[in-house]
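Working through the structure, step by step
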Amino acid sequence: MLARRIIPCLDCDLGVPQGRVVKGIEFKQIRYAGVPWELASRYYEEGADEIVFLDITASHERRETMFNVIRTTAKNVFVPLAVGGGIKSVDDVRGVFKAGADKVTVNTTALKRPEIITEIAEEYGSQACVVAIDAKRRDSPGEDRISVPTPKGESWFECSFYGGREFTGIDAIAWAMKAEELGAGEILLTSMDRDGTYDGFDLPLTDGVCKRVRIPVIASGGCGNAEHIFEVFQKTGASAALAASIFHYNEWGVDEVKRYLAERGIHVRI
Amino acid sequence: MTIAVVDYGVGNLFSIYNVLERIEAGPELITEPEDLVGAEGVVVPGVGSFGRCMRRLSRLEGALSEALEEGTPMLGICVGMQVLFERSEESPEEGLGWITGEVVRLPNSVLVPQMGWNTLSIKKEVEILEGIGEEDFFYFVHSYHCVPVDRSVLAATTDYGLEVAAAVSRDNLFAVQFHPEKSGQKGLRILENFVRLTKC
């Protein structure tokens, strides 16, 4: 039986030579967490099923730093590495793969030019193309929105781009379905309302997407402890859970989270 | 030369190269048929579509087939396993046909692709699975799966709501649907087992 995956996520600021891992709250209030390849190696040793690097600087001149981060990590870390942030073309994808990545995540570019999903899938296969969606809850869905019941009433979710700085008006759940159609192999679904809050995953959002796509969904945003991961696996069809802060600041080891889940009957790789 | 990694222009060979280097197998990326001469072992990776892999692999088919007949250990990985079969539902191109059977799409009853870690059910004792148990996990990512006509080639299967061929072997030919180069320490063990075979 396929195991549910635990994925530590490293948000990387590449403005310093080795890069550094940072973490914000609700996409703001940035805090320093460590050196990317060192954290990645630690999580690998602890049993991480995959590692995600997101370049939050995403500017052209810092690309070389990201390549170095990936290259150094890939020498010691033998689980899939996904890389995102600032991917604008198949050429960019080639660059990160050459450095040692196995998957890319696309967000802003895909919203602006959805064909890039198909282009990546054709060149490298769907499994290599993860569409990242940053979703914000909105009240009073109109006729043209996919409506989801939440504790705050019927809601819809809006896609954001440019790292949460701008909104698109696009329905996040409808976009996930469209991304699947275009060839995405996986959806990395982040709740902007929960990100960095430690309040737990957004279950209505996660469930809303999982029920409407037939590709794996990675739940992200809000993980504050192992119980939250248990909850998202028990109550939604999420294939994987992504977390950052709880791992970065030594609150939980990946191995501890997995033992917690296994004791409660969730099938994980130990 | 030691281990030839066939670089036929599909996807990402960094990971497999990197791991083979790490276990001191002396990998060499090869693109030309004549480069296969004298290889102690051959790794055939593969990502993307079956058809695209076959179109690019066809110019190496003769040289690969010769190496196989000479007894050189060969390891197909992921789509590199699928191309060993006769055909695939994914593409009209013919496969290498070294193993009788076809490659079919995973059914709609399960999430496609299968993406993530799964365990093996071991069907026969083979060298490349030495030291591997049924509690060990391997990283799979695929939308199609191989269905051999002769089930005796099955070395291991995995349970994804249906039985999926995870590893096949016949004489000096081996193939795995999962990615040993992305499957942590146990994946490295499989590649080490393969490399050991090439030194015999």
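Residue positions are given per chain, counted from 1 along the sequence in the order it is written. Key to labels: chains lettered from A, ligands numbered from 1, both in the order written. With the structure being a predicted model, the display of local features is reserved for residues of pLDDT at least 70 and the display and counting of side-chain atom pairs for 80 or more, all residues being used for whole-chain, interface and lining totals. Working from all heavy atoms in the structure, the side-chain values ignore hydrogens and water.

It is worth spelling out the sheet that holds strand β6 (residues 101-105) of chain B at this point. Residues and elements named next belong to chain B. Between any two strands, at least two bridges found by DSSP are needed for them to pair. Elements are defined by DSSP. Helices are runs of H or I of four residues or more, strands are runs of E of two residues or more, and each kind is numbered from the N terminus. If you walk across this open sheet you meet the 3 strands as β5-β6-β10, and the pairing is mixed. Of all strands in the sheet, those with a lone pairing partner are β5 (87-88) and β10 (144-148), marking the two edges. Note: β5 against β6, 2 bridges, orientation parallel. Among the inter-strand pairings, R87 is bridged to a residue of β6, identified as E102.

As for its placement among the helices and strands, K182(B) is situated in the loop between β13 (173-176) and α5 (184-198). Remark: exposure states derive from per-residue accessible area (1.4 Å probe, protein chains only) relative to the maximum for the residue type, with buried under 20%, exposed over 50%, and partly exposed in between. By relative accessible area, K182(B) is classed as buried at 5%. Polar contact is defined as a pair of N or O atoms within 3.5 Å, subject to the rule that within protein one atom must be able to donate a hydrogen and the other to accept it, and that residues adjacent in sequence are counted only when both atoms are side-chain atoms. One polar contact links K182(B) to D102(A), side chain to side chain, over a distance of 2.8 Å. It only takes one pair of heavy atoms within 4.5 Å for two residues to be counted as in contact. Residues in contact with K182(B), not counting those within four places in the same chain, are V77(A), F78(A), V79(A), P80(A), L81(A), G100(A), D102(A), S15(B), W117(B) and Y139(B).

Here we come to the interface of chain B and chain A. Opposite the 33 residues of chain B that make contact, chain A presents 38 residues. Across the chain B to chain A interface the summed buried area is about 2700 Å²; carbon plus sulfur atoms make up 56%. Of all residues in chain B, M115(B), W117(B) and K182(B) give up the largest surface area on contact with chain A, accounting jointly for 25% of the area buried on that side. Counted as salt bridges are all cases of a side-chain nitrogen of Lys or Arg within 4 Å of a carboxyl oxygen of Asp or Glu. In this assembly, chain B and chain A are joined by 2 salt bridges. A salt bridge links K182(B) to D102(A); the shortest N-O distance between them is 2.8 Å. If you list the elements that add at least two residues to the side of chain B that touches chain A, you get α1 (14-22), β7 (114-119), β9 (137-142) and α5 of chain B. Defined here as a combined quantity, buried area equals the accessible surface (1.4 Å probe) lost by two parts on assembly, summed across both.

Turning our eyes to something else, we now look at the pairing of strand β10 (residues 166-171) of chain A. Residues and elements named next belong to chain A. Pairing analysis gives 3 bridges linking strand β9 (residues 153-161) to β10, with the strands arranged antiparallel. Looking across to β10, one finds that E158 is bridged to D171. If you look at the hairpin formed by β9 and β10, you'll find 4 residues sitting between the two strands, and Y162 has a positive phi there, around 50 degrees.

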